[in-house]
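# Observations on the model geometry
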Amino acid sequence: MPHRLFHRYLAYWPGVFLLALLILMAFSPASEAAEAGSGRPRIGLVLGGGGARGIAHIGILKMLEELRIPVDCVAGTSMGSIIAGLYASGMTPEKMSETVQKIDWPQAFTDGPPRADLPFRTKQEQRVLLTDVGVGVKNGSVQLPRSLLQGQNLLLLLETLALPAAEVRNFDQLRIPYRAVATDLATGKPVVLSSGHLATAMRASMSIPSALAPVELDGKLLVDGGVSDNVPVDVARNLCKPDVIIAVDVGAPLAPTSELTSVLSITEQLTTILTVRNVEQQKKTLGPKDIWITPDLKDISSIDFDRSAEAEKVGYAAAQAQRSALSRLSATPNDYRAYLAARPDLPEPHRPIIDFIRIKNGTRLADAVIEKQVHVQPGDRLDPKQLNRNLNVIYGMGDFQQVDYSLVEENGKTGLIVEAAPRDIGANTLNFGLFLGANLKGDSLFNISTAYTMSQINKLGGEWRSFVQIGGNIDLETDFYQPLSAEQDYYLDPYLSYQQYNLDLQNEDSISTSASFRVREVGAGIELGRNLAHWGRLSVGLHYSAGNNDLRFGRSSIYEGAFNDSGYSLRWAADTLDSLNFPTSGYFANLRYYSALTGLGADENFQTLSLDTFKPYSWGKSTLIPRLRLAGTLEGDPGPENLFLLGGFLNLSGYQLGQLSGQYLAFGELIYMYRLDSASAAFTIPLYAGGSLEVGGAWNDTDDIRFDTLIPAGSLFLGADTPLGPFYLGAGLADGSKASLYMLLGKLF
């Protein structure tokens, strides 16, 4: 009896097993794909990596839709993962084409906000420091960053593009099942991303080693998937068990021996070898039904994002060349409509009402400092564009590795989570600066500088910065910048300083001609100010300033010896320039009043007022910059250390640096610049050609200020915005007889 029951029990097992198998298949992406296309082959699409070359995928997608080829799953690597992810989230090829043409690629591949949105203190620091992001000093040792870029702007761009899928966490639930491929930096093995935030997965897959920072996910440090699996055919096979694979390879080919002529080309070749090898391995797995497409992108490189329209056309042409093979996969109009109708709908939370805001802060700053910059209140509708700008402003404060956001649902309420991760290199940094100048008359100037900054000293973001400059000019400074509120509106800034510099006086006036001083000055003081959002600042300062004017050569002067110029200052400044090196938009103005008072220790009372302002106007590749400098002594007789200087490149070109000086100054110029390379290209060194028309003068007596004493001047120049700073090669001519050639590396604006 027990034996008969046992055999009867076994007899039911095949049916039970078959039923269980059918249930499992009913909930798998592969089964969903089969249901969507009953009677047709399942199709898996694979989009390979290649940087800007990957924009060719858009042209191929256009051809697939024209031929009514249903895609049941899609996998991608690097740029292929981005195109694949957007396609899986429902973006049409036409919309992709329109979008990539509008993207500001140079801005996407930089970190932080446009310069106009940086804190005003940061803008001031840029005038003397070479680097915006330096090296860290952490646990007593120097900490180098993991890459040239953190990828902050790229991530925010991807989050905006992937907003329709913002609430999807399982990539099987996208409109098309999707996978992105990255590489585990510790093992070198591919990592298939099947869940999480779509934008983060795409960003991880495109973490170009050394160029973009790795993405940390689930305890792994992820870099570009092209290193391990650039055309992930195997991933698509596992995803939906397709009958046919359509794989697109947009990777760069190996360079011939004749082109391997530099360290950079050889390094790039080594990376390409890794990619080509794993692509060849994937290609060998294809069957006779599968289709392999290789667009002929010729000289379009992985960084030529400004040639996106051209790349898209090449992709379309490559698919057109395979039209015969692709046409065999075309669905009938009815079947294609059924396929589209069967794809899952995504949630519609594109712009939800925000019920609560939560800050996840990994730094020593108070949460309120971050929250005050978000500008979103409970009850507001989400504005992704404005939120991204706010997050970038927070990133621009300089304290964060990455600033990101996510939306959560808790108890029926929608929450905005802002996550601010601390910098990998630590809170304390070293930054560097450099200025080199020379002309054919034998004059030269060399200054190298470094600044050590201890930031996040307290919850409001106090920072202590010490600055050292050596060379022709010596400058030692230390200051403690203390915001007074979470809004960062008001601040206190006490400082100490010591300077040495040469001052040459060549005017024929009461100060002897051809006299040269070595000025040594000690300073101390405190400044109280208000930041006017990010565009400007009002401040009042109390200053101790004393030192010596030591005669280097020339006639003896009453201005030799000790001086004391202690007093107070009032200052209004505005700066929204897009660049200090070669500005093309925004404006700059600096108005300063200084009063030396005997009551504060000064040798005598005097007052000065100065203004420097300019505003670029741009059209196409051309930029015109009108500039005005005015300065004068309102009362008293200041010493030579307080005279206003004129002379040098773009500052009465033709004269040498500081060759003219006086108690009064007037200077105006028109600078014209023309950009020689493409302004829409990423990862390039901008090149410029230009010239200037200038007029100005310096006087020690108001009776000498006349139009006929103004000195005309002009210049022609070539410029390059290099990683070491702006480089100029120029020629200047003043007053019809004074000429000079200039070679400069350093900021002039």
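Heads up: these notes are all about the structure in this document.

Looking only at helices and strands, one finds 16 helices and 33 strands in the chain. The C-alpha extent of the chain, read off along each of the three principal axes, is 125 × 55 × 45 Å. Relative to its full complement of 749 residues, the chain shows a buried share of 52%. By sequence separation, contacts in the chain at least 24 residues apart represent 64% of the contacts at least 6 residues apart. Surface exposure of the chain reaches about 34400 Å², of which carbon and sulfur atoms provide 59%. Counting 63 positive and 80 negative side-chain charges, the chain places the centres of these two groups 9 Å from one another.

A cluster of nonpolar side chains, contributed by Tyr617, Trp619, Tyr672, Tyr674, Leu676, Ile685, Leu687, Leu718, Phe727, Leu729 and Met743, occupies part of the molecular surface with about 1000 Å² of accessible area. Looking at the nonpolar patch, the elements that each hand over two or more residues are β25 (617–619), β29 (664–675) and β32 (725–734). Within the secondary structure layout, Leu676 lies in the loop between β29 and β30 (687–699). Judged by its relative accessible area of 46%, Leu676 is partly exposed.

Right, let's get into the pattern of salt bridges. Per the stated rule, a full pass over the model turns up 28 salt bridges. Between Glu125 and Arg121 there is a salt bridge; the shortest N-O distance is 3.3 Å. Of the two residues, Glu125 and Arg121 both sit in helix α7 (residues 120–125), 4 residues apart, roughly one turn of that helix. For the pair Glu125 and Arg121, one class covers both residues: buried. For Asp575, the salt bridge identified is with Arg127, shortest N-O distance 3.3 Å. Separated by 448 residues along the polypeptide, Asp575 in strand β22 (residues 567–575) and Arg127 in the loop between α7 and β3 (135–138) bring together distant segments of the chain. When its relative accessible area of 27% is taken as the criterion, Arg127 is described as partly exposed. Salt bridges sharing partners connect three or more residues here, namely Arg121, Glu125, Glu463, Arg465, Asp479 and Asp493.

The geometry of helix α4 (residues 79–88) relative to helix α9 (residues 198–205) is characterised by a closest axis approach of 8 Å and an angle of 160° between their N-to-C directions. If you check the angle between α4 and α9, you find them roughly antiparallel. Both α4 and α9 take part in a crossing whose hand is right-handed. For the pair α4 and α9, contact is made by Ser81, Ile82, Gly85 and Leu86 and by Leu198, Met202 and Ser205, respectively.

Its 12 residues give helix α16 (residues 384–395) an end-to-end C-alpha distance of 16 Å, which sits within 8% of 16 Å, the value for a rise of 1.5 Å per residue. Most of α16 is tucked away, with 9 of its 12 residues classed as buried. Among all positions of α16, only Pro384, Leu387, Asn388, Asn390, Leu391, Asn392, Val393, Ile394 and Tyr395 are buried.

Now for the state of the cysteines. Considering all chains together, one arrives at 1 disulfide under this definition. For Cys73, the disulfide goes to Cys240, at an S-S distance of 2.1 Å. Here the disulfide of Cys73 and Cys240 is left-handed, its torsion about the S-S bond being about -45°. A residue pair is termed long-range when its members are at least 10 positions apart, and Cys73 in strand β2 (residues 73–77) and Cys240 in helix α10 (residues 233–240) qualify at 167 residues. Cys240 carries the same exposure label as Cys73, and that label is buried.

Analysis parameters
Residues numbered from 1 in each chain as written. Predicted model: local features only at pLDDT ≥ 70, side-chain atom pairs only at ≥ 80, totals over all residues. Heavy atoms only, no water. Helix = DSSP H or I, 4+ residues; strand = E, 2+ residues; numbered from the N terminus. Buried < 20%, exposed > 50% of the residue type's maximum accessible area, 1.4 Å probe, protein only. Contact = heavy atoms within 4.5 Å. Areas by Shrake-Rupley, 256 points an atom, 1.4 Å probe, with all protein chains shown as cover. Lys, Arg positive; Asp, Glu negative; His and termini not counted. Charge placed at Lys NZ, Arg CZ, Asp CG, Glu CD. Patch = residues over 30% accessible without salt bridge, like charges linked within 9 Å, V, L, I, M, F, W, Y side chains within 5 Å. Salt bridge = Lys/Arg side-chain N within 4 Å of Asp/Glu carboxyl O. Axes fitted to C-alpha atoms, helices over the stretch in contact; angles between N-to-C directions. Parallel < 35°, antiparallel > 145°, perpendicular 65-115°, else oblique. Left-handed = near helix turned anticlockwise from the far one by under 90°. Expected span 1.5 Å × (residues − 1). Disulfide = S-S within 2.5 Å.

Any functional reading would require information that these geometric values do not contain.
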